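Structure at a glance
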Amino acid sequence: MVGPLDVRKAVTWANVPRPGTLDTMTTTVAAYAAPSAKAPLERTTIERRTVGEHDVLIDIKFAGICHSDIHQAREGWGEAIFPMIPGHEIAGVVSEVGSAVTRFKAGDRVGVGCMVDSCRTCENCLAGREQHCLRGNTGTYNAIGRDGEPTYGGYSQKVVVDEAFTVRIPDSLPLDVAAPLLCAGITTYSPLKQWGAAPGKKVAVIGLGGLGHMGVKIAHALGAEVTVLSQSLRKKDDGLKLGADHYHATSDPKTFEELAGTFDVILSTVSAPLDFGAYLGLLKVGGALVNVGAPEEPIALNLFSLIGGNKTLAGSAIGGIAETQEMLDFCAEHGLGAEIELIEASQINEAYERVVNSDVRYRFVIDTATI
Ligand SMILES: [Zn+2]
Ligand SMILES: [Zn+2]
C-alpha cells in the first residue's frame, strides 16, 4: 500500500457477514505488534479466524518491511487501528485450505500483498483493479475486515486469507526475496507497464530504496534504458549492477540541465517532498512522471510545468490481484527478487530506524520463525 488508508471508509461496509467465517474457533498466533503510535513494536499473540470455506491458512515464512508499515504504525498517514500488526509483503506456504478452495492446496508456495478483500462486485473489482474497489479494499492490516474484525498483517507466524487474494509464488523464486515483491514489486511493475517501459524507451527511477531498486530491475527487464536519479552517487555501483544504464546525482544542479527533455517515463519512489516541477522538466514532450511515493505533506506545483510539453503527472497504487500474479511470474521468468537484509523479529524496531534513515540495501525481511 502506498497511500493513506481511509479506515472510516472500510468501516462503513465492514459488517457484512460472510458464510464460513463466523465460526468462533480461532487460532492463537505469535506476532509483533505496535501497541500504539508512539510505542516500539513488541511480541504478542493474536487470534486468527478459523479457516472459512474460501480461505487458505498460510504458514508465514518471511515478511518484508515496507516504509508504509512505518508511516502507518506511527500514524504518519492519519488515525490508525491499534494494536497494529504491520506487514503486507507476505511469503509462506499453505498449510490448510477451506472446503471450497480450488486454486491452492497444502504445501503450495504463496504470497499476500497489501489487500485481503474487496467488494468484488463494483466496476473496478470486476476489471481486476481491486485496489481501487469503490467500497474500499480491505488492507492486510490497519483495516476492518468484512467480518467486522481488525485485520492483522505479516509480522506473525500464520495468516488466514481468502484464496481470491492469495497469489502463487513460482518455484524458482526463493520465498525470502519474493516477499518484497508483494508490495515493492507490484508497486513499480504496474506503473512501468501502464506507462510503457519497453525497448526504445528511456525510463528514470527517482530514489534507489526498497521500491526504487525493484523499479530499476523491472524497468531493465522490460527492456527500457534505465537511469537512476538519486540524491548522491553513493549507491552508483549498486544501481549499475541492478540494471541501470546511467546514474545521476540530483544534488548536482547540472543533472537537471544535462537531462532536460530526456525521459519517456519517470517513476518517483521517494516519500520525501520533491521539486516536481524540476523533475517534469526532465520529461520528453508527452512524457509521464508517475508517483508511487507518498509524502505526508501536500506539494505545490506550477502547472505550467505540465502544460509546456503536454506532460502527465500521474499516480499509481500497487496493482490488482491478477496483475500481482503476472508480476510474480515475470520476476520468476527474469530471475528477479528483491535485494534483502534478513533480520530476526527482535530487530524490527532497529530496522524501522534504519529505513527512516534510508540505511538499508534494499529491503528488510523478517524471518518469521524468530517471532
Ligand atoms: Zn508497502
Ligand atoms: Zn469493489
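The rules behind the values
Residues numbered from 1 in each chain as written. Chains lettered and ligands numbered in written order. Predicted model: local features only at pLDDT ≥ 70, side-chain atom pairs only at ≥ 80, totals over all residues. Heavy atoms only, no water. Donors = N, O, S within 2.8 Å, 3.2 Å for Na, K, Ca; no water. Tetrahedral: all angles 85-135°; square planar, octahedral: opposite > 155°, others 65-115°. Helix = DSSP H or I, 4+ residues; strand = E, 2+ residues; numbered from the N terminus. Buried < 20%, exposed > 50% of the residue type's maximum accessible area, 1.4 Å probe, protein only. 1 Å grid on protein atoms, 1.4 Å probe; cavity = no way out; pocket = protein on both sides within 12 Å on 5 of 7 lines; lining within 4 Å. Points joined across faces, edges and corners; volume = space filled by probe spheres on them. Nonpolar A, V, L, I, M, F, W, Y, C, P; charged D, E, K, R; others polar. Axes fitted to C-alpha atoms, helices over the stretch in contact; angles between N-to-C directions. Parallel < 35°, antiparallel > 145°, perpendicular 65-115°, else oblique. Left-handed = near helix turned anticlockwise from the far one by under 90°. Contact = heavy atoms within 4.5 Å.

**Focus: the coordination of the zinc ion (ligand 2)**
When a metal carries six donors in an octahedron, the ideal angles between them are 90 or 180 degrees, while four donors in a tetrahedron ideally lie at 109.5 degrees. Taken together, Cys 119 (SG), Cys 122 (SG), Cys 125 (SG) and Cys 133 (SG) make up the full set of protein donors to the zinc ion (ligand 2), lying 2.3 to 2.4 Å away. Given four donor atoms and angles of 101 to 119 degrees at the metal, the environment of the zinc ion (ligand 2) is assigned as tetrahedral. Mapped onto the polypeptide sequence, the residues donating to the zinc ion (ligand 2) form the spacing pattern C-x2-C-x2-C-x7-C. Of this pair, Cys 122 sits in the loop between strand E6 (115-117) and helix H3 (123-126) while Cys 133 sits in the loop between H3 and strand E7 (138-139); the two residues are 11 residues apart in sequence, bridging distant segments of the chain. A single burial state applies to Cys 122 and to Cys 133, both of which are buried.

**Notes on the coordination of the zinc ion (ligand 1)**
Protein-derived coordination of the zinc ion (ligand 1) comes from Cys 66 (SG), His 88 (NE2) and Cys 183 (SG), at a distance range of 2.0 to 2.2 Å. Read in sequence order, the donor residues for the zinc ion (ligand 1) give the motif C-x21-H-x94-C. Of this pair, Cys 66 sits in the loop between strand E3 (55-64) and helix H2 (67-73) while Cys 183 is found in the loop between helix H4 (175-178) and helix H5 (184-194), placing the two residues 117 residues apart along the sequence. An identical accessibility class is assigned to Cys 66 and Cys 183; each is buried.

**So, empty space enclosed by the protein**
Where empty space is left can be seen by rolling a probe of water-molecule size over the atoms. Overall, the coordinates contain three cavities of 30 Å³ or more when judged by the stated rule. When its volume is computed, the largest cavity comes out at roughly 70 Å³. Lining the largest cavity are 13 residues, and of these Gly 113, Cys 114, Leu 182, Ile 321 and Thr 324 lie nearest its centre. Mapped by element, the contributors of at least two residues to the lining of the largest cavity are strand E5 (109-112) and helix H11 (321-333). The residue makeup of the lining of the largest cavity, split by class, is nine nonpolar, four polar and no charged.

**Concerning the packing of H5 against helix H6 (residues 210-221)**
Between H5 and H6, the shortest axis-to-axis distance is 8 Å and the interhelical angle comes to 50 degrees. Regarding the angle of H5 to H6, the classification is oblique. Viewed along their axes, H5 and H6 form a crossing whose handedness is right-handed. Seen from H5, the contacting residues are Ala 184, Gly 185, Thr 187, Thr 188, Tyr 189 and Leu 192; seen from H6, they are Gly 210, Leu 211, Met 214, Gly 215, Ile 218 and Ala 219. Of the residues in the contact of H5 with H6, the class split is seven nonpolar, five polar and no charged.

The analysis is restricted to geometry; functional conclusions fall outside its scope.
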